[in-house]
Amino acid sequence: MPNLNHPSVHNEGVIKTKVVCTIGPASSSREILKAFVEEGMNIARLNLSHCTHEFALQVINDLRQIQKEMNVRSDVAIWIDVNGPKVRTGKLHEPVTLNKGDEFFFVNDLSIVGDNKRIATTYTKELVQVGDQMCVDDGAISFVVVERLENSIRCIVENTGKLDLISGVLYENKGINFPQRTIEDLPALSAKDKDDVAFAIANQVDFVSVSCLRDSEDIEELRRLFLGNSKIKILAKIENKRGMDNYDQILRIADGIIIDRGYLGAEVDLEVVVVAQKKMINQANQQGKPIFIANQILESMKTNIRPTRSEAADVANAVMDGADGLVLSAETAIGDFVLESLILMRKICFKAEQNTNYLEYQMKAMRNVTKPIHINESIASSAVLCARQVGATLILIITELGGTARLVAKYRPVIPVLAATTVLSTARQLEAHFGLVPFYRPSEENVIQEALSKIKLTLEYAVEIGLAKSGEIAVITSGQVIGFKEGTTTKMQVLTIP
């Protein structure tokens with residue numbers, strides 16, 4: 001049975017790769033949410049393109065109450081995903097089966113509930129031309145435009161995305177790609193998106209992402225909604241060609257990255273996506289930004305109790321490439337084996353970590369760091385190097401805002417990293433970073449006493465949950481109480497765990 005004091009702690013050690021579970025109808029019960037916490041879910045994702053505020057609020061409240069009852073020492077983080085400039089299919093009476101060669105219409109009237117002949121679309125302006133391709137549901141079904149009509153587009157089903165290429169199922173509220181066209185006129189945030197962001201702020205979630213971001217200006221528009229007083233971190237989703245082309249500028253100002261391979265793969269050639277994923281992971285690693293791989297991770301587990309061998313290999317390769325985490329989408333939102341998907345994901349990640357040479361990551365990160373090095377970065381890299389040289393079994397980071405902890409994660413230490421903070425939002429957000437085990441405890445009124453007792457109490461906690469043993473060596477980083485700007489780590493020490 002996993003240790004309930006922290007989701008990252010496993011019977012065999014710390015699973016460093018973070019796992020996100022998308023919460024949907026199949027996983028929203030208190031029973032499943034509690035099981036998710038017990039089995040190591042690090043972040044719960046709520047996609048407001050598919051669920052209501054009422055549903056999301058119930059999940060948030062249930063999760064926080066469950067963790068309070070379980071005495072979990074670092075809450076699972078909450079991630080809110082909003083639609084952004086993403087075109088979707090409209091409503092359907094029920095999912096419909098379409099065959100290759102069928103005639104089908106996309107209509108410009110969202111009040112229409114679709115059937116096997118037509119469906120509405122959220123983009124009603126003239127864009128596609130005769131001969132263009134339209135891909136729905138990450139390319140599960142594609143259409144060719146054969147005629148433009150006054151209020152609709154007549155298409156022919158071209159490819160169902162299935163091996164037999166004969167039939168496929170069309171669902172409502174699924175993304176639509178236009179590989180030959182780029183939509184410029186949609187705002188980064190619609191009125192509904194802004195309402196969703198206000199909901200996220202009001203409920204003090206930890207991360208917000210917007211689908212189909214195109215450039216850094218889209219991120220700045222989102223950040224302005226936070227009014228400068230929100231601690232929410234922005235995860236930039238790379239899921240279209242524009243976002244991929246502008247990756248450098250997006251990475252520079254975002255707090256983290258999500259690569260959505262499904263939507264991206266419907267717009268960019270598959271062989272390009274495979275290589276681009278590796279390059280984007282490498283760039284994020286160099287900047288110390290967390291990066292997650294999403295979509296079609298263990299896709300077959302929606303209906304099968306085990307994934308395919310290729311899916312398992314895909315997960316392992318993402319871990320070995322340097323991804324901070326992976327996102328389960330439909331597998332945990334609407335699948336038949338939601339808990340099994342989480343458990344198996346963590347097993348694959350753990351095995352991949354055991355067979356990855358993180359010393360190479362450390363050396364590469366140290367070579368590529370920009371000179372001169374900031375104090376925090378110098379302390380972080382020195383702590384990882386020192387821990388390896390002295391044979392330490394634990395790195396302990398005393399932090400408030402989490403800056404040094406994030407930098408330590410950048411250097412991929414092999415041993416556990418316990419990040420102690422008195423700020424609950426910091427503890428939750430550190431769940432996004434590879435290898436970090438956040439530990440939250442309320443602060444004391446006496447600042448000096450707080451500084452003296454925090455190390456002792458945190459080391460006791462590390463021993464309690466099995467991260468280290470009495471008599472082993474710990475490397476500790478912290479800031480000075482007096483004389484330095486808040487948020488600056490200035491001290492590293494080595495001591496024997498009492």
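On a predicted model such as this, the values are computed, not experimentally measured, just so you know.

The next point concerns the overall build of the protein. In terms of regular secondary structure, the protein is built from 16 helices and 23 strands. Whereas a compact globule of 498 residues would reach a radius of gyration of roughly 23 Å, the protein reaches 23 Å, a difference of no more than 12%. Counting every position in the protein, which comprises 498 residues, the buried fraction comes to 55%. When the accessible area of the protein is evaluated, it comes to approximately 21,300 Å², of which 51% is carbon and sulfur surface.

For the rest of this paragraph, the subject is the packing of helix α2 (residues 53-70) against helix α3 (residues 191-202). For the pair α2 and α3, interaxial distance at closest approach is 12 Å and the crossing angle is 20°. Here α3 runs roughly parallel to α2, going by the angle between their axes. Remark: the crossing between α2 and α3 carries right-handed chirality. Across the interface between the two elements, H53, A56, L57 and I60 of α2 pack against D195, D196 and F199 of α3. Across the contact of α2 with α3, the residue classes break down as four nonpolar, one polar and two charged.

Once that is clear, we can look at the sheet that holds strand β22 (residues 473-478). Here five strands make up an open sheet; going across it, the order is β21-β20-β19-β22-β23 and the pairing mixed. The sheet is open, and its two edges are formed by β21 (436-440) and β23 (491-496), each paired on a single side. Within this sheet the neighbouring strands show an average axis-to-axis angle of 20°, counted without direction. As paired elements, strand β19 (residues 394-398) and β22 share four bridges and run parallel to each other. Note that in β22 the partner of I397 across the bridge is T477.

Looking now at the packing of aromatic side chains. Per the stated rule, a full pass over the model turns up six aromatic pairs. Among the aromatic side chains, those forming a connected cluster through ring pairs are F104, F106 and F143. The positively charged end of R45 is found above the aromatic ring belonging to W79, 5.4 Å away from the centroid.

Counted under the stated rule, the structure contains 21 salt bridges. R154 serves as the salt-bridge partner of E147, at 2.9 Å between the closest nitrogen and oxygen. You can call E147 partly exposed: its relative accessible area is 31%. Between K456 and E460 there is a salt bridge; the shortest N-O distance is 2.7 Å. Pair noted here: K456 and E460 are both in helix α16 (residues 447-464), with a separation of four residues, about one helical turn. Accessibility expressed as a relative area gives 41% for E460, which makes it partly exposed.

On to the sheet that holds strand β15 (residues 233-238). Here we have eight strands rolled up into a closed barrel, ordered β3-β4-β5-β14-β15-β16-β17-β18, and parallel in their pairing. Ignoring which end each strand starts from, the neighbouring axes of this sheet average 25° apart. Bridge analysis of strand β3 (residues 18-22) against strand β4 (residues 43-47) gives three bridges, and the strand direction is parallel. Each bridged residue has a counterpart across the sheet, and for V20 the counterpart in β4 is I43. Against the sheet, α2 makes contact with β4 and β5 (77-82), and its axis sits at roughly 170° relative to β4, the strand it touches most. Those strands touched by helix α11 (residues 338-354) are β3 and β18 (325-328), and its axis lies near 160° from that of β18.

Turning next to the confidence of the model for the protein. Here the protein averages 88 in pLDDT, while 92% of its residues score no lower than 70. Taken as a whole, residues 445-449 scores under 50 in pLDDT and shows three contacts with residues more than four places along the chain or in a different chain. A low-confidence stretch, residues 481-486 (pLDDT under 50), is modelled with four contacts involving residues beyond four sequence positions or located in other chains.

Most of β15 is tucked away: five of the six residues are buried. Sheet analysis places strand β14 (residues 207-210) next to β15, joined by four bridges and oriented parallel. Within β15, the residue paired with S209 across the bridge is L235. For β15 and strand β16 (residues 256-260), the ladder comprises four bridges, and the chain directions are parallel. Opposite K237, over in β16, you have I258 as the bridge partner.

On to the environment of A200. Mapping A200 onto the fold places it in helix α3. Each C-alpha atom of the pair A200 and T477 lies 33 Å from the other, and the pair is 277 residues apart in sequence. A200 has contacts with I80, V205, V208 and I232, leaving out every residue within four places of it along the chain.

Turning our attention to the side chain of H433. Counting through the fold element by element, H433 comes out in the loop between α15 (424-429) and β21. The residues contacting H433, other than those within four sequence positions of it, are K18, G288, P290, D324, R406 and A409.

Below, the discussion takes up empty space enclosed by the protein. Going through the model one piece at a time under the given rule, you end up with three cavities of 30 Å³ or more. Size it by volume and the largest cavity reaches roughly 210 Å³. Forming the boundary of the largest cavity are 16 residues, of which P85, T182, I183, N240 and E267 lie nearest the centre. Its residues assigned to classes, the lining of the largest cavity shows eight nonpolar, three polar and five charged. Taken as a whole, the second largest cavity spans an internal volume of roughly 110 Å³. Around the second largest cavity sit 17 residues that line it, and N108, T121, Y123, K125 and I153 are the ones nearest its centre. In terms of residue class, the lining of the second largest cavity is made up of eight nonpolar, five polar and four charged.

Phi is positive for N173, close to 60°, though the residue is something other than glycine. With respect to the helices and strands, N173 occurs in the loop between β12 (167-170) and β13 (176-177). What makes N173 partly exposed here is its relative accessible area of 21%. In the Ramachandran plot, Q204 falls in the positive-phi region, its phi being about 50° despite a non-glycine side chain. Take Q204: its relative accessible area is 59%, and that puts it in the exposed class.

About the criteria used
- Residues numbered from 1 in each chain as written.
- Predicted model: local features only at pLDDT ≥ 70, side-chain atom pairs only at ≥ 80, totals over all residues.
- Heavy atoms only, no water.
- Helix = DSSP H or I, 4+ residues; strand = E, 2+ residues; numbered from the N terminus.
- Rg over C-alpha atoms; globule rule 2.2 N^0.38 Å.
- Buried < 20%, exposed > 50% of the residue type's maximum accessible area, 1.4 Å probe, protein only.
- Areas by Shrake-Rupley, 256 points an atom, 1.4 Å probe, with all protein chains shown as cover.
- Axes fitted to C-alpha atoms, helices over the stretch in contact; angles between N-to-C directions.
- Parallel < 35°, antiparallel > 145°, perpendicular 65-115°, else oblique.
- Left-handed = near helix turned anticlockwise from the far one by under 90°.
- Contact = heavy atoms within 4.5 Å.
- Nonpolar A, V, L, I, M, F, W, Y, C, P; charged D, E, K, R; others polar.
- Pairing = 2+ DSSP bridges.
- Phe/Tyr/Trp six-rings, centres within 6.5 Å; stacked < 30°, edge-to-face > 60°.
- Lys NZ or Arg CZ within 6 Å of the ring centre and 35° of its normal.
- Salt bridge = Lys/Arg side-chain N within 4 Å of Asp/Glu carboxyl O.
- pLDDT = per-residue confidence, 0-100.
- 1 Å grid on protein atoms, 1.4 Å probe; cavity = no way out; pocket = protein on both sides within 12 Å on 5 of 7 lines; lining within 4 Å.
- Points joined across faces, edges and corners; volume = space filled by probe spheres on them.

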